[in-house]
Each structure stands twice: as structure tokens, then as C-alpha cells.
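Residue-level structure breakdown
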Amino acid sequence: MSIRLHDRSFPDEYGICFAVEARAQGLHAELGAEMWVWDGAWLPDFIGQLAADYRGWVDERTWQANHLTVRATFHSGGHVALTWQLQPWVSRSDAWQASITTWLEGGEQMSNLAADLREFLPNPGPTK
């Protein structure tokens, strides 16, 4: 089971586009996603905040932009479940969606993921 972000491009100074691929037994889903500086929290910042809260949190935390949603829950033993949901048509009730949950340790593994995401998805625009 895996999630892979690849094929990034910069349409202008305020956005970034990339492909998201989800693979699991019997599942292969891929779509394009976009992030814009005015969308709110940047995905690397969201993951970085989860890593900073390595002692845990209550309830589910959610990040969403365009066709990608990431839901995070903290579990016993310091583990974080990240559910990556891909949905090409947010406004259509008959559209497909796929989700995969990855598990990471709340501390170092989350920090490493945040660092990797910051490298792959740099915030192209000015700071808000």
C-alpha cells in the first residue's frame, strides 16, 4: 500500500500542481491535484504541525485542497494514521473516490515526511 506524489509543476507564482498516485492490492488510482497560496494551510505545514504535536491530539485533523483530502488521527503507541482520499469530482455525487491509510510514528517519521513534502511542494508564493 502506498501513496506517491510526483510530476510537480508551477503554473504561476501562486500555485503548484502535482500528481497523486494511490496503490494497494486491487487498487490503482491517480489524479492531478493543485495547491494555491490562498487555499489555506499548505500540505507540508499541515504535516509539520502534526509532527510538532508528536505527543498526540484528540479528534481528527483534516487538510483539503482541490481533489485531495488528508485526514490524520492519533492512536495509542504514538502512531498517526494518515488517510489520503482522492476524488476527481468533488461536486458530483456519482464520482469515484479512493482512500488509503498510511501509518507513521508520531515523531521522527512524521518530521521526515514533512521535510520531504517541503522539498517536493515548496510554497511558491509570498507569505500570507
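See the structure above.
Everything numeric in this text was worked out from a predicted model, so none of it was measured.

**Topic: the sheet that holds strand β3 (residues 27–36)**
With respect to topology, three strands assemble into an open sheet ordered β1-β2-β3, the strand pairing being antiparallel. Two strands in the sheet have a free side with no partner beyond their single neighbour: β1 (2–9) and β3. Recorded for the sheet is a direction-independent mean angle of 20° between the axes of neighbouring strands. Taken together, the ten bridges between strand β2 (residues 15–24) and β3 define a ladder with antiparallel strand orientation. Residue pairing for β3: Ala19 is matched across the bridge by Gly32. Each of β1 and β2 is contacted by helix α2 (residues 108–120), which is oriented at about 25° to β1, the strand it contacts most.

**Things to note about the packing of aromatic side chains**
Throughout the structure, instances matching the rule amount to three aromatic pairs. Ring geometry for Tyr14 and Trp38: centres 5.9 Å apart, planes at 40°, overall tilted. Taken together, the positions of Tyr14 in the loop between β1 and β2 and Trp38 in the loop between β3 and α1 (43–52) put the pair 24 residues apart, joining distant regions of the chain. By relative accessible area, which is 56% here, Trp38 ends up exposed. Three or more aromatic residues link up through ring pairs in this structure, and these residues are Tyr14, Trp36 and Trp38.

**A closer look at α1**
Where burial is concerned, most of α1 is hidden: seven out of the ten residues are buried. Residues of α1 that are buried include every one of Leu43, Pro44, Phe46, Ile47, Gly48, Leu50 and Ala51, and no others. Check the buried side of α1 and you find it contacts β1, β3, β4 (61–65), β5 (68–75), β6 (79–86) and α2.

**Quick word on the packing of α1 against α2**
Between α1 and α2, whose axes approach to 8 Å, the crossing angle comes to 165°. Overall, the two elements α1 and α2 adopt an arrangement that is roughly antiparallel. Note on packing geometry: the crossing formed by α1 with α2 is left-handed. Contact residues: Leu43, Pro44, Asp45, Ile47, Gly48, Leu50 and Ala51 in α1; Met110, Ser111, Leu113, Ala114, Leu117 and Arg118 in α2. Split by residue class, the contact of α1 with α2 holds nine nonpolar, two polar and two charged.

Calculation rules
Residues numbered from 1 in each chain as written. Predicted model: local features only at pLDDT ≥ 70, side-chain atom pairs only at ≥ 80, totals over all residues. Heavy atoms only, no water. Pairing = 2+ DSSP bridges. Helix = DSSP H or I, 4+ residues; strand = E, 2+ residues; numbered from the N terminus. Axes fitted to C-alpha atoms, helices over the stretch in contact; angles between N-to-C directions. Contact = heavy atoms within 4.5 Å. Phe/Tyr/Trp six-rings, centres within 6.5 Å; stacked < 30°, edge-to-face > 60°. Buried < 20%, exposed > 50% of the residue type's maximum accessible area, 1.4 Å probe, protein only. Parallel < 35°, antiparallel > 145°, perpendicular 65-115°, else oblique. Left-handed = near helix turned anticlockwise from the far one by under 90°. Nonpolar A, V, L, I, M, F, W, Y, C, P; charged D, E, K, R; others polar.

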